[in-house]
Every structure is written in structure tokens, then in C-alpha cells.
Amino acid sequence: MSTTTLPSSTRRRFLARAATAAVLATALAACGSGGGSAPAAGGSGGGDKLTMGFAQVGAESGWRTANTKSIQESAAKAGVDLKFSDAQQKQENQIKAIRSYIQQKVDIIAFSPVVETGWDAVLLEAKRANIPVILTDRAIDSPDTSLYKTFLGSDFTVEGKKAGEWLVQKYQGKTDPVAIVELQGTTGAAPAIDRKEGFAEATKVAPNLKVVASQTGDFTRSGGKQVMEAFLKSQPKIDVVYAHNDDMALGAIEAIEAAGKVPGKDITIISVDAVKDGMTALAAGKINYIVECNPLLGPQLMDLAKKVKAGQEVPKRVLTEETTFDQAKAAEALPSRQY
Ligand code: AHR
């Protein structure tokens, strides 16, 4: 079957799955090999130091802050000359940053795409300039997988499924209607699309679990608060909040408390990320369940970049390992939580 006949999200997943199947075994080797010692050929600097241009999404969440720190610290540790830009969640800013990295003739471009679509033209420019591209954290939706060397990050659909499975389990054996409100991530971003899909897939086995309202809070605490305030006014009954990240869940908690309700008791809250603030709220009983999304991608990114620069084979897809937390597990994990 030609993948171009599939709808875009299905096509992206089809391609990603094919690539994942082909590379999973080698992915483990890539993650643990410590191959960061491979020599780099040198780009704009002219020396043997690898130069990386990294176009970050923004600073919208605790997850993103931890991700940025991991990338900056890992670059310094690996002796990578990092050129870093913050796109403030705007695709046009990321495209500008990538074009500027191409002009500067960096050795590698890495970026976490704000949204899934609209990257082909600029990535083709990078390809023509012989600058390899690594996707981190978020995928792009393009049939041309030659536009990037590898994609390092989580499986967001699995994250959404884990959230949905926990809810199905919680209400097992009950048939009363359960009203769910969903706080979506940034519209058009891979984690927003996939976490929504994964959750819907897992909860369809229980028709009494119903998403009664779903809106974007743009992955920010203020966005989550604002949307939750509106939901609390417009919805006659809310049993569950499914937030696509901790920051929006934390914003929702503020709105719920301001409305005189008890988060985690009157309204069940599920979110994704497991950053320190989210885990603290979970351990305190204000959130009920968190699916982890690991932001510490820096070491693997530097390792992959050095391999790519040295002309070594890298897996097309490198998946990060993640777990889930209930309240007891969060209390246990908190003291040693890195982010
Ligand atoms: O792409 C990862 C997502 O982006 C995180 O879950 C969210 O917190 C962030 O803003």
C-alpha cells in the first residue's frame, strides 16, 4: 500500500512504526554505547569541535525547562559547540533559526518541532546544504523520511493510552456516565495529537467514559487554568480532567480550588510528564495519576549527533523509556527526582 493514500497522522505513524520495527534492536545499543567519543569532522568552526544548531520550541512548561537544561549541559559535557534558540512556540521562529544555522554552516541541526506539518521546504534546504538534521522530542508529518537522520523521543500515543487505561481500570464494573474534560496541548503538535488519540483508543472500551469538552491550553499553566475556569462554568458536571501535561493540570488545580472544589477528590486528575511540580501535586493527592514523559534527552542527542557527523549508522527511531506514577509511587520517587 502506498503511504501517501493514508490520512496524514496514520501515514506518519505507519512510517514511524516501520522505522521503529527496523531499528529497535540497534536503538538500545545506540543509547547505551557511550559512543559519544566518535570524532567529529568539524563544520563552521573549522576545528574538530562539533557545532550543533538547536531550535527549541520555547519555555512553555517545566518539562521544556528540564529538556533545555539537559541539552545545554550535555553539549558542554560532550564538547559540542551549541547554538541555541528559543522559538517562543512559533513555527516561523523555528524556521528562521534553522535557516540561520544553515547559513552558519553548522555540522548538525537538531530541533523539536512546534507543530507536525510545514517543515519540508526548510529541511530540504538543510539537506541540500549537506547538514544532517536530528528530530528530538516531537515528530514531523512528512512522507519524506530522508529529511532527517533520526528521531529521538517518546511515543506520545502510548502515553495517551496509558492514561486512558488507568481510567478504564478505575471505573471498571461501573456504568454511570463519567464526564471527562480534556486539556489539549498546542494545536497541531505531535504530543497533542497523539496523546488525544491514544487516550480515545484506550477509553473506547468503556462507553460510559465520555469526553464532554476538549480544548487547547497550549501546554502552559496559565492556559490550563483559563480553559478549566471556562469548563467549570460551562459544564454541569465534571468527574475527570485529562491534561496533556503537568503544567496544564497544575493550572486546572488552581481553577478547581478557586471554584471551591477539591482536586484529586471531587475531580480526578490525570496528566503527562511527571516533572517535580506535577509529582509534588500527585504525592499531595491533588493529581491522581501521571504518565511519565522523559525530558532528559541531552546525552542521547549528543551521542547520536557525533555518530551522524562521523558517518556512522544510527537508528531511524530512538525511543525513550518511561513509566507511570500513582500517588504512593510519586511520594517514593520525589526525593530523588532530577527535574
Ligand atoms: O513535547 C513534549 C511536551 O511538550 C511535554 O509533554 C510538554 O510539557 C511540553 O510542553
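Notes on the structure in this doc start here. (Residues numbered from 1 in each chain as written. Predicted model: local features only at pLDDT ≥ 70, side-chain atom pairs only at ≥ 80, totals over all residues. Heavy atoms only, no water.)

Here the focus is the side chain of glutamine 184. With respect to the secondary-structure elements, glutamine 184 resides in strand β6 (residues 178–184). Take glutamine 184: its relative accessible area is 16%, and that puts it in the buried class. Polar contacts involving the side chain of glutamine 184 include one to the side chain of serine 214, which spans 2.7 Å. Once residues lying within four places of it in the same chain are set aside, the contact partners of glutamine 184 are Lys196, Ser214, Gln215, Thr216, Gly217, Asp218, Phe219, His244 and Met248. (Helix = DSSP H or I, 4+ residues; strand = E, 2+ residues; numbered from the N terminus. Buried < 20%, exposed > 50% of the residue type's maximum accessible area, 1.4 Å probe, protein only. Polar contact = N/O pair within 3.5 Å; in protein donor to acceptor, adjacent residues only side chain to side chain. Contact = heavy atoms within 4.5 Å.)

Close to the ligand lie Glu60, Ser61, Trp63, Arg64, Asp137, Arg138, Phe156, Pro191, Arg195, Phe219, Asn245 and Asp273. A distance of 2.8 Å separates an oxygen atom of the ligand from a polar atom in the side chain of arginine 195. For the ligand, the protein covers 100% of the area, taking 290 Å² as the surface of the free molecule. Residue assignment for the shell around the ligand shows that the elements contributing at least two residues are α2 (62–78) and α6 (190–203). (Near = heavy atom within 4 Å. Areas by Shrake-Rupley, 256 points an atom, 1.4 Å probe, with all protein chains shown as cover.)

This next bit is on the sheet that holds strand β4 (residues 133–136). Spatially, the six strands line up as an open sheet ordered β2-β1-β3-β4-β5-β11, and their pairing is parallel. For this open sheet the edge positions go to β2 (81–86) and β11 (317–319), each flanked by a neighbour on one side alone. Averaged over all pairs of adjacent strands, the angle between strand axes in this sheet comes to 20°, irrespective of strand direction. (Pairing = 2+ DSSP bridges. Axes fitted to C-alpha atoms, helices over the stretch in contact; angles between N-to-C directions.)

We now examine unusual backbone geometry. Positive phi, close to 50°, is recorded for glutamine 88, a residue that is not glycine. With respect to the helices and strands, the residue glutamine 88 is situated in the loop between β2 and α3 (91–103). Positive phi, normally seen in glycine, also occurs at alanine 274, with a value near 70°. In this structure, alanine 274 sits in the loop between β9 (268–273) and α9 (276–283). The buried category is assigned to alanine 274, whose relative accessible area is 0%.

This paragraph deals with the pairing of strand β10 (residues 289–292). Neither face of β10 is exposed, since Tyr289 and Val291 on one face and Ile290 and Glu292 on the opposite face are all buried. Across four bridges, β9 lies against β10 in parallel orientation. Bridge assignment links isoleucine 270 to a residue of β10, and that residue is tyrosine 289. Pairing analysis gives two bridges linking β10 to strand β12 (residues 324–325), with the strands arranged antiparallel. Bridge pairing in β12 links isoleucine 290 to phenylalanine 325.

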